[in-house]
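# Notes for the structure review
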Amino acid sequence: MYPSPPFQPVADSSHADRLENSRSGEAAAYLSELKAGAYDSTLGICENPIIDAFLHNKIESAGAAGVEIRARVSLSAGLPVSNVDLVRAFGNLLDNAVEACAGIAGACVSLCCAQLSGCLVICTENPVSHDPAEKQRRIPELERGVGSRVLKDLAEKYNGSLKQEQKDGIFRAELIFNLQ
């Protein structure tokens, strides 16, 4: 057996012309942005592309269910919080908020995230129904309240806190992670 020669593309002027006349400038700019480490978040100043994509998906899903999410997320890269824990935190907070908005016309969830005084603070605020109907389990095999326990465990893991309160038809949750 003889070794295979290295792959060499066939010089086809029609391919070269198409590439030159297509969106190669946009592709080059995108590659430069990636190499420079820049990231353009759809949520604010979210430098973590995994969390940005996760939140973008959550916002789109909530919108399809008739619930608007207004997000202001400032999240720098390289936080001492794992992406898995961030997904668990944002996912539980937003799932609970969107579920609470079910059946409320024009309901809107507010999501804020910022780093303040050595802490990561994630807050949600949403309206709640005045008629607390029996809530169905999101996952039939699990009892209700698992998400709140997950959030409490996360707060404890990062030496932080979880505060939840309902007042005047508004539910507020604040999850704090100590980053130091």
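Small disclaimer: the values here were computed from a predicted structure and weren't measured. Throughout, residues of each chain are indexed from 1 in the direction in which the sequence is written. For this predicted model, a pLDDT threshold of at least 70 governs which residues receive local features, and a threshold of 80 or more governs which side-chain atom pairs are given and counted, while totals over whole chains, interfaces and linings are taken from all residues. The side-chain quantities take in all heavy atoms of the structure and omit both hydrogens and water.

When a protein is soluble and globular, its nonpolar side chains tend to lie buried together. Counting 34 residues, the largest nonpolar core has Leu 75, Phe 90, Leu 120, Ile 122, Leu 175 and Phe 177 as its most contacted members. The helix count covers DSSP runs of H or I at least four residues long, the strand count covers runs of E at least two residues long, and both are numbered beginning at the N terminus. Those elements that place two or more of their residues in this core are helix H3 (49-64), strand S2 (68-75), helix H4 (83-100), strand S3 (108-116), strand S4 (119-127), helix H5 (146-157) and strand S6 (170-178). It is H4 that contributes the most residues to this core, 6 residues altogether. Apart from residues lying up to four places away in sequence, Phe 90 is in contact with Ile 51, Phe 54, Leu 55, Leu 75, Leu 111, Cys 113 and Ile 122. Nonpolar cores were defined as sets of buried Ala, Val, Leu, Ile, Met, Phe, Trp, Tyr and Cys residues, with membership established by side-chain atoms within 4.5 Å. Accessible area is worked out with a 1.4 Å probe on protein chains only. A residue is then buried under 20% of its type maximum, exposed over 50%, and partly exposed in between. The criterion used for residue contact is that any of the two residues' heavy atoms lie within 4.5 Å.

Right, let's get into the pattern of salt bridges. Side chains carrying opposite charge are able to pair once their charged atoms draw close together. The term salt bridge refers to a pairing of a side-chain nitrogen on Lys or Arg with a carboxyl oxygen on Asp or Glu at a separation within 4 Å. For the structure shown, the criterion picks out 6 salt bridges. Beyond isolated ion pairs, a larger network of salt bridges with shared partners links Asp 85, Arg 88 and Lys 157.

Among the structural elements, Ala 100 can be located in helix H4. Its relative accessible area of 15% is what places Ala 100 among the buried residues. Spatially, the C-alpha atom of Ala 100 lies 7.5 Å from that of Asn 126, the residues being 26 residues apart in sequence.

A separate point is unusual backbone geometry. With a phi close to 45°, Ser 117 is a non-glycine residue in the positive phi region. Look at Asp 168: it is not a glycine, yet its phi comes out positive at around 55°. Within the fold, Asp 168 resides in the loop between strand S5 (161-167) and S6.

Right, let's talk about the packing of aromatic side chains for a bit. What counts as a ring pair is set by centres within 6.5 Å for rings of Phe, Tyr and Trp (its six-membered ring), and what kind of pair is set by the plane angle: stacked under 30 degrees, edge-to-face over 60, tilted for all other angles. Under the counting rule described, the total for this entry stands at 1 aromatic pair. Consider the rings of Tyr 158 and Phe 177, whose centres lie 4.8 Å apart with planes at 40°: the pair is tilted. Taken together, the positions of Tyr 158 in the loop between H5 and S5 and Phe 177 in strand S6 put the pair 19 residues apart, joining distant regions of the chain. You can call Phe 177 buried: its relative accessible area is 1%.

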